Each structure stands twice: as structure tokens, then as C-alpha cells.
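Fold and contact review
Here are the chains, one letter per residue:
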Amino acid sequence: MIIFKKVNDIASFLNQQKQKNNTIGFVPTMGALHEGHLSLIKKSKQNKHLTVCSIFVNPTQFNDATDFEKYPSKHEEDILLLSRVDCDVLFLPVAAEIYPSGTTLEISYPLGEMENLLEGKFRPGHFQGVCQVVDRLLSIVTPHTLYMGQKDFQQCMVVEKLLQYKYNHVELAVCPTERTTSKLAMSSRNIRLSSKGMVTATAIIQGMEHAKQTLLTLPLRTIEAELTASLLASGFSKVDYVSIADANTLLPLEKWENDSKGVVLVAAFLEGVRLIDNLLL
Ligand code: PAF
């Protein structure tokens, strides 16, 4: 695996690779890699792309300074993991490479109502920050395919909007959420949970699976309220949202119909760690 830290170096290397007719698969990350990230690298490799992973903890997408400071950083372990799955290129820039003229957002990405819902509502500015960094990374890596995980369901929808807006030629491949044997969604933030917390955290997926079974028998708002109550009873300190939403717009579904395309999305705090997950219905 070749490691690049400078924009000019990676850009000219990838340019040469494109001239040799190699296609580029790109997996942007913030590091503290886990099986979820590695599954994206593996998928890109299976698709015969020259595979680029970036590790950059983007300050502009954190609305909470403590969350940014506590974001885990494990570069040596990450490099070992990436080498094991045969990642071709790692891009490991410092902030000055990504934001040479500072972090101030110069444009406002047209994300519509999506920006004010769910994650957008509880993390104001978060998705503009995500678009700012993904935009910059795409302009450097110029991939054919961008690989992202379904765990960040709303982020995938936002990035799809960014691609429609500025990178029509880039394909987005959304890959399934990787889970532990107890079905907890893999997340870099799980490192901050105690072993008891790791068990308690499975209440999210259990609650979502239960919700899926009751769609035809209970009003959707009741299902959401029951799932919220069960998370609080399990030991979660705060629930930002539980939403049964239209999978295409993320607006709350009024009623479950046989042809509904729905998704249940959850964000909740456990041991001071904010966890998110979702399940297609
Ligand atoms: O999902 C993440 O890890 C980040 O939001 C991303 C896409 C790498 C942008 O910083």
C-alpha cells in the first residue's frame, strides 16, 4: 500500500493510474477502522478498482467540540488493517492540505429539507461539513465509484445529492451495515463503550427488529414511542430520535401500507456515546 500525505502527490499518482486505464474506487473514512470500513475496501477490490482509502477527521462536520476531541485516532492499527485487505492507496492528509484557505464554508450545498431532518436537526451544520470535505476529497481522488456504508443512511442520501449536483459521473455504492455477532452495528464510536455498554447497545437493533414486526398492528407514532421508552429503560441516557420514515425522503411515514418503502432510524446516547443505526422495513 502506498501512503500519500500531500494532495499534489496523490493527485499526480492517480492521474497516471487513470492513463493506464485503471478505475478508482474510493472509501473516505475518519479512521479508527473496523469491519464496516474493511467491507467497503473489499467490495471496491472485488470490483477490480484501484482502491483508495482516506483517513481524515473532518473538523467541519462536528457540531460538538468534545465529540471531535474524543474521536478515536489509531493510525498505526488502521494502516495494518488496510494492508491486510490489500488496499492500494491510503491518503492521510493534515487539515492544511484539505483546507489550505481555512475551514470557512464557501458555498452552501443545496440539500433541501434533508438537511433539517433527523441528523440534520440534531447536528446543525453537520451535512454541510460532510459535503464540504467529500467535495474536496472527490476533487482530489476523482474516483469512478464511491463506497459508503448504509449505517449512515442519511449521509448516503446527502452524498447522493452532492453527486447529482457536482459529480454526475461518480457512482455511489451503498454497502450493507456490518454487525457484530450480537448484531450491534459496527462503529468507530463503539470503542468508547464499556463491555456492559456493548451489550446494552444491542437494544437498538433488537428494538428496530421488534418495530418491524408491529408495523401492521400499531400506529407508527406508538411504535416510535415504545422503542424510545425501551431504549431509556435499557440504560440509554437520551434518545435524539426514533423515526419510521419514507426511505426515499426521510419524512415521517403517516401509516404503513403494503407498498410502503420505509426505514426506521435511531440516534441515542449510551455512556456519553452517540450511536446511530437504521433498518430497512
Ligand atoms: O462517514 C464518515 O466517516 C465521514 O462522515 C466521511 C464520509 C468520511 C466524511 O468525513
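Heads up: the structure comes first, above all this text.
In what follows, the accompanying structure is described. (Residues numbered from 1 in each chain as written. Predicted model: local features only at pLDDT ≥ 70, side-chain atom pairs only at ≥ 80, totals over all residues. Heavy atoms only, no water.)

As a further point, take the packing of helix H10 (residues 203-213) against helix H11 (residues 220-234). At their nearest, the axes of H10 and H11 sit 10 Å apart, and the two run at 155° to each other. On the basis of their axis angle, the class for H10 and H11 is roughly antiparallel. Considering how the two elements wind past one another, H10 and H11 form a crossing that is right-handed. For the pair formed by H10 and H11, the contact residues are Ala203, Ile204, Gly207, Met208 and Ala211 on the first element and Ile223, Leu227, Leu231 and Ser234 on the second. Across the contact of H10 with H11, the residue classes tally to seven nonpolar, two polar and no charged. (Axes fitted to C-alpha atoms, helices over the stretch in contact; angles between N-to-C directions. Helix = DSSP H or I, 4+ residues; strand = E, 2+ residues; numbered from the N terminus. Parallel < 35°, antiparallel > 145°, perpendicular 65-115°, else oblique. Left-handed = near helix turned anticlockwise from the far one by under 90°. Contact = heavy atoms within 4.5 Å. Nonpolar A, V, L, I, M, F, W, Y, C, P; charged D, E, K, R; others polar.)

This brings us to empty space enclosed by the protein. Under the counting rule described, the total for this entry stands at two cavities of 30 Å³ or more. Contributions of two or more residues to the lining of the largest cavity are made by strand E2 (24-29), helix H2 (35-46), helix H7 (126-141), strand E5 (145-149), helix H8 (153-166), strand E8 (262-270) and strand E9 (273-280). For the lining of the largest cavity, the leading source of residues is H7, giving six residues. Approximately 60 Å³ is the volume found for the second largest cavity. The wall of the second largest cavity is formed by Lys151, Leu184, Ala185, Ser187, Asn190, Ala201, Ile204, Leu275, Ile276 and Asp277. The biggest single contributor to the lining of the second largest cavity is E9, with three residues. (1 Å grid on protein atoms, 1.4 Å probe; cavity = no way out; pocket = protein on both sides within 12 Å on 5 of 7 lines; lining within 4 Å. Points joined across faces, edges and corners; volume = space filled by probe spheres on them.)

As for its placement among the helices and strands, valine 57 is situated in the loop between strand E3 (50-55) and helix H3 (65-69). Taking the C-alpha atoms as reference points, valine 57 and valine 133, 76 residues apart in sequence, are found 9.7 Å from one another. Dropping the residues within four chain positions of it, valine 57 is found in contact with Met30, Phe62, Phe68 and Tyr71.

Turning our eyes to something else, we now look at the nonpolar core. Core analysis: the biggest nonpolar cluster contains 48 residues, and Leu146 and Leu250 have the highest contact counts within it. No other element matches the nine residues that H7 contributes to this core. Counting residues in hydrophobic clusters, the runner-up holds 26 residues, among them Leu184, Ala211, Leu227 and Trp256. (Core = buried A, V, L, I, M, F, W, Y, C linked by side-chain atoms within 4.5 Å. Buried < 20%, exposed > 50% of the residue type's maximum accessible area, 1.4 Å probe, protein only.)

Next up on the list: the side chain of asparagine 190. Its place among the elements puts asparagine 190 in the loop between strand E6 (171-175) and helix H9 (195-200). Apart from residues lying up to four places away in sequence, asparagine 190 is in contact with Leu184, Ala185, Met198 and Leu275.

As a further point, take the layout of surface pockets. Estimates place the volume of the largest pocket at around 280 Å³. In terms of lining, the largest pocket is formed by 15 residues, of which the most central are Tyr99, Thr104, Glu106, Gln132 and Arg136. If you tally residues by element for the lining of the largest pocket, the top one is H7, at four residues. Within this model, the second largest pocket holds a volume of roughly 220 Å³. Around the second largest pocket sit 13 residues that line it, and Asp64, Asp67, Phe269, Gly272 and Arg274 are the ones nearest its centre.

This part covers the sheet that holds E8. Read across the open sheet, the three strands follow the order E7-E8-E9; overall the sheet is antiparallel. Here the strands that pair on one side only, and so sit at the sheet edges, are strand E7 (238-246) and E9. Taking the axes of each pair of neighbouring strands and ignoring which way they run, one obtains an average angle of 10° across the sheet. Along the sheet, H11 makes contact with E7 and E8, crossing E7 at roughly 150°. (Pairing = 2+ DSSP bridges.)

The next point concerns the site of the ligand. All residues adjacent to the ligand are Pro28, Thr29, Met30, Asn58, Gln61, Val133, Met148, Asp152 and Gln155. Glutamine 61 places a polar side-chain atom, nitrogen or oxygen, 2.6 Å from an oxygen atom of the ligand. The side chain of glutamine 155 places a nitrogen or oxygen atom 2.7 Å from an oxygen atom of the ligand. Starting from 290 Å² of accessible surface for the ligand in isolation, the protein chains cover 90%. The pocket occupied by the ligand, as judged from atoms lying within 2 Å of grid points, is the largest cavity. Of the residues in the shell around the ligand, the class split is four nonpolar, four polar and one charged. (Near = heavy atom within 4 Å. Polar contact = N/O pair within 3.5 Å; in protein donor to acceptor, adjacent residues only side chain to side chain. Areas by Shrake-Rupley, 256 points an atom, 1.4 Å probe, with all protein chains shown as cover. Sits in = over half its atoms within 2 Å of the grid points.)

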